[in-house]
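Tertiary structure, described
One-letter residues, chain by chain:
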Amino acid sequence: MNILGISALYHDSAASLCCDGTIVAAASEERFTRKKADASLPVNAIAYCLSCIDGGKEAIDAVVYYDNPILTLDRWLTQCIWVSPQNEKVIEKTYKGMFSDKIWIHDRLEDIVGTLGKYGKLLVCEHHISHAASAFYPSPFEEAAIVTLDGVGEWATTTIGYGKKEEIKLLREIKFPNSLGLLYSAFTYFCGFKVNFGEYKLMGLAPYGEPVYYQCIIENLIDIKEDGSFLLNLDYFAYMTEQVMTGKTFENLFGMPRRIPEQRITKPYMDLAASIQKVIEEVVYKIVKYARELTGSEYLVMAGGIALNCVANGKIQRSGLFKDIWIQPAAGDAGCAIGSALYAEYSFYKGKRKIDSNDSQKGSYLGPYFSNGQIKAFLEEGNCIYHYYECSDLFPKIARWLAEDKVIGIFNGKMEFGPRALGGRSIIANPMASQMQAKLNLKIKYRESFRPFAPAVLEESASKYFDIITDSPYMLMVADVKEELRYEPDFNKKISSEEDIDMLQLINQKRSTIPAVTHVDYSARVQTVNASRNPYFYQIIKAFEEETGCGVIVNTSFNVRGEPIVCTPQDAYICFMHTDMDVLVLENFVLIKEEQPLLLEDSDWRDEYELD
Amino acid sequence: MNLIDTREMELIKAIADKIHKLHSLEETGSPYKNEKSRTSCWEIRREGQKAMEIMPYYFQSPVELQDMLTQVFKEGLNMDFILPVTVAAFKQRKDTAIKDEVSPYIYEF
């Protein structure tokens, strides 16, 4: 069956195409519209998916939406009654969103896709089943415990399920307003970052602080039971009654105001980040432990926004609780486009599941691809100055430039699906350069200086650099840099709250032989790369190893702050020209910055992207 | 009221009941304090939770629901008022109604 899966209208809209259970294509709408976390109907992502099948929309058997609008309406209505009559304004504000498209989704999609496939009626799949299916079906496991953790979907915020062959059952759930996702988002908001955007920044900030507020959080904000279930004390949260996450009671509890976005980050906010990270790790561990007991399975799969917390994931993996774990790379709502389509294939159409011993996610390279011919046509049209190299010459050249501390934009193969750049649309650099983290943050990405960068390492060399016990192809696990590679920094004193912290001085400390990818606590968000998933990217790292003896490179997403990751050669070229990147490699074409003509623009490009 | 069939009436009562329960909750205090003594907060997930049981029909138009809610807020949680307003707000729209699940957790829309 050819099934189109749709995730839309909340955040991170996306579409996927699954044919007889094989994931053929998947893409987020933001990559096409250039609007981060775009929640609109994924018209462009759908068009891309339909372009990947002979016959286009005529070949589609069914269209599946990832959320049951009636259950969501029920929750919204209940919440309206709950908060009335004092908070009519909230209802007025959320009302349009609820009724403009969501409950008319079948009409809206019919406008785009036509008759909604041969089946002729829209199928809707429950939100957490979509998450669960996105985690279980592409996994390499025949059976597994399934844990989904997110803000809210319909009523559920957290579920435990069990999958075996084609069947998935949800066994337990925790309902709104008790939500780990919303708890984490409340701290994201309070620390001055944007909800639904800045959660990974909070995670990156945590190692700079101490978990001094941990006790305060578990005594006042969340009641954690032994089996991982939990209750939130809504007296401290504002998301039920206002359009913000926290209010005065939260400020009073911690004795500080909400940090104003873009203001200097002081020690108490670092401590808050560290404290909530500790709480999340504790709850998530208890939940997966209970899932292990409940299902009896030795394998675990996870999805939902909280499953992107790679520090918590790494701890679960190292705990030995499960023989193996697999996490959907597009763990947020975008991944539900895949999950809902696969669930329809196996539950509705009773398809036979094919299990790949690696996984069926295809390295998450599921987006648009541009051939050398298409790239050449673009470069010619734009009067760009370029060089063409065969791969045998190209990879050593890239390695040499990296060794010279040049920063390189890489554009090859299909675009990644999910929030991580995995070598298809990446900016790469030398991890051994001690100033590289600050340089990349401030001159290339234009983002906060504290944010760490991830290493991409040859799979066979991973254990030489990191304390990692399994492969991590999707950059979803954090592991420590090997002790023997670490340095004791000169400036390593604990940050006190009175002190005016020089973050740059802290960040520029050489903490290991690969400082640009070593976080302040010696951790790293590792991507292991092998020749079968992405041979092009593998060859680059291999050539760098031959050039320098180091089998690791810096890998960060190809974008600037607030911009979605680049999709097309044009996006890549523009991003390259806007930043201090030195070299751009588009498949086999190379562009050197100083050779390029000036990019003439009518306005300041920085105004195009809202800061995230 | 004469235009409402038995099934619709049952559903309207179910919604009114929900409003009543929420109202009761306000009187008994915070669920956090009430439920702190529980050893587990997991709920057992029913297989194939039916959307039909909760709300089978769309409102005829979004405006009707908005009107209903506005009036509910104005009047407060008065059951004598809520029931007829709710009844008035519901209209049958079987052509676009969500159907019973066609497979566990998946529905026709």
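Computed from a prediction, not measured in an experiment: that's the story for all the values here. (Residues numbered from 1 in each chain as written. Chains lettered and ligands numbered in written order. Predicted model: local features only at pLDDT ≥ 70, side-chain atom pairs only at ≥ 80, totals over all residues. Heavy atoms only, no water.)

1. A closer look at the packing of aromatic side chains
Residue and element names in this part refer to chain A. Using the criterion set out here, one finds 29 aromatic pairs over all chains in the structure. Ring plane angle 55° and centroid distance 5.6 Å describe the contact between Phe 136 and Tyr 137, whose orientation is recorded as tilted. Relative accessible area serves as the criterion here: at 0%, Phe 136 is assigned to the buried category. Under the relative-accessibility criterion, Tyr 137 is labelled buried at 2%. Geometrically, the ring pair formed by Phe 187 and Phe 254 is edge-to-face, given 5.8 Å between the ring centres and 70° between the ring planes. Taken together, the positions of Phe 187 in helix 7 (residues 180–190) and Phe 254 in helix 10 (residues 248–254) put the pair 67 residues apart, joining distant regions of the chain. We note that Phe 187, like Phe 254, is buried. In textbook terms, an aromatic cluster arises when at least three aromatic residues are bridged by ring pairs, as seen for Phe 176, Phe 187, Phe 190, Tyr 213, Phe 237, Tyr 239, Phe 250, Phe 254 and Tyr 269. The side chain of Lys 102 reaches across the aromatic face of Tyr 10, ending 4.3 Å from its centre. Over the aromatic face of Tyr 214 sits the side chain of Lys 278, whose NZ or CZ is 4.3 Å from the ring centroid. (Phe/Tyr/Trp six-rings, centres within 6.5 Å; stacked < 30°, edge-to-face > 60°. Buried < 20%, exposed > 50% of the residue type's maximum accessible area, 1.4 Å probe, protein only. Helix = DSSP H or I, 4+ residues; strand = E, 2+ residues; numbered from the N terminus. Lys NZ or Arg CZ within 6 Å of the ring centre and 35° of its normal.)

2. Things to note about the pattern of salt bridges
Residues and elements named next belong to chain A. Within the structure shown, the criterion is met by 26 salt bridges over all chains. A salt bridge links Lys 289 to Glu 293; its shortest N-O distance comes to 3.8 Å. Of the two residues, Lys 289 and Glu 293 are both situated in helix 11 (residues 267–295); the distance of 4 residues between them amounts to about one turn of the helix. The class of Glu 293 is exposed, set by a relative accessible area of 55%. Connected via shared salt-bridge partners are Lys 201, Glu 262, Glu 448, Arg 451 and Arg 561. (Salt bridge = Lys/Arg side-chain N within 4 Å of Asp/Glu carboxyl O.)

3. A closer look at helix 6 (residues 127–136) of chain A
Structurally, the α-helix is built with 3.6 residues per turn, so residues lying three or four positions apart point the same way. Among the 10 residues that make up helix 6 of chain A, 10 are buried, leaving the element largely enclosed by the rest of the structure. Every buried residue of helix 6 of chain A is accounted for by His 127, His 128, Ile 129, Ser 130, His 131, Ala 132, Ala 133, Ser 134, Ala 135 and Phe 136 of chain A.

4. Here's the deal with the sheet that holds strand 15 (residues 425–429) of chain A
Consider a sheet: its strands pair through backbone hydrogen bonds, and that pairing is either parallel or antiparallel. Residues and elements named next belong to chain A. In space, the 9 strands of this open sheet follow the order 13-21-20-14-15-19-16-18-17, with mixed pairing throughout. The sheet is open, and its two edges are formed by strand 13 (387–388) and strand 17 (477–480), each paired on a single side. Taken together, the 4 bridges between strand 14 (residues 408–411) and strand 15 define a ladder with antiparallel strand orientation. In the sheet register, Ile 410 faces strand 15, and the bridge partner there is Ser 426. Its contacts with the sheet put helix 14 (residues 372–381) on strand 13, strand 14, strand 20 (583–586) and strand 21 (589–592), and the angle it makes with strand 21 is roughly 30°. (Pairing = 2+ DSSP bridges. Contact = heavy atoms within 4.5 Å. Axes fitted to C-alpha atoms, helices over the stretch in contact; angles between N-to-C directions.)

5. Remarks on helix 7 of chain A
In terms of burial, helix 7 of chain A is a largely internal element, 11 of the 11 residues being buried. Immediately beyond the C-terminal end of helix 7 of chain A, within one or two residues, lies Gly 192 of chain A, with a positive phi of roughly 90°.

6. Focus: the sheet that holds strand 8 (residues 167–175) of chain A
Read across the open sheet, the 6 strands follow the order 12(A)-11(A)-6(A)-7(A)-8(A)-1(B); overall the sheet is mixed. Taken across any chain shown, the strands that pair with only one partner, and hence form the sheet edges, are strand 12 (324–327) of chain A together with strand 1 (43–44) of chain B. Pairing between strand 7 (residues 156–164) of chain A and strand 8 of chain A: 8 bridges, direction antiparallel. Paired with Gly 161 of chain A across the two strands is Leu 170 of chain A, which belongs to strand 8 of chain A. Against the sheet, helix 6 of chain A touches strand 6 (143–153), strand 7, strand 8, strand 11 (299–303) and strand 12 of chain A, its axis set at about 140° to strand 6 of chain A.

7. With respect to the nonpolar core
All names here are of chain A. Ranked by size, the top nonpolar core spans 115 residues in total, and within it Leu 180, Phe 187, Ile 222 and Phe 254 carry the most contacts. Apart from the residues within four sequence positions on either side, Phe 254 is in contact with Phe 187, Tyr 213, Cys 216, Ile 217, Leu 221 and Leu 272. Counting residues in each nonpolar core, the second largest holds 70 residues, with Phe 370, Val 481, Val 560 and Ala 572 among its members. (Core = buried A, V, L, I, M, F, W, Y, C linked by side-chain atoms within 4.5 Å.)

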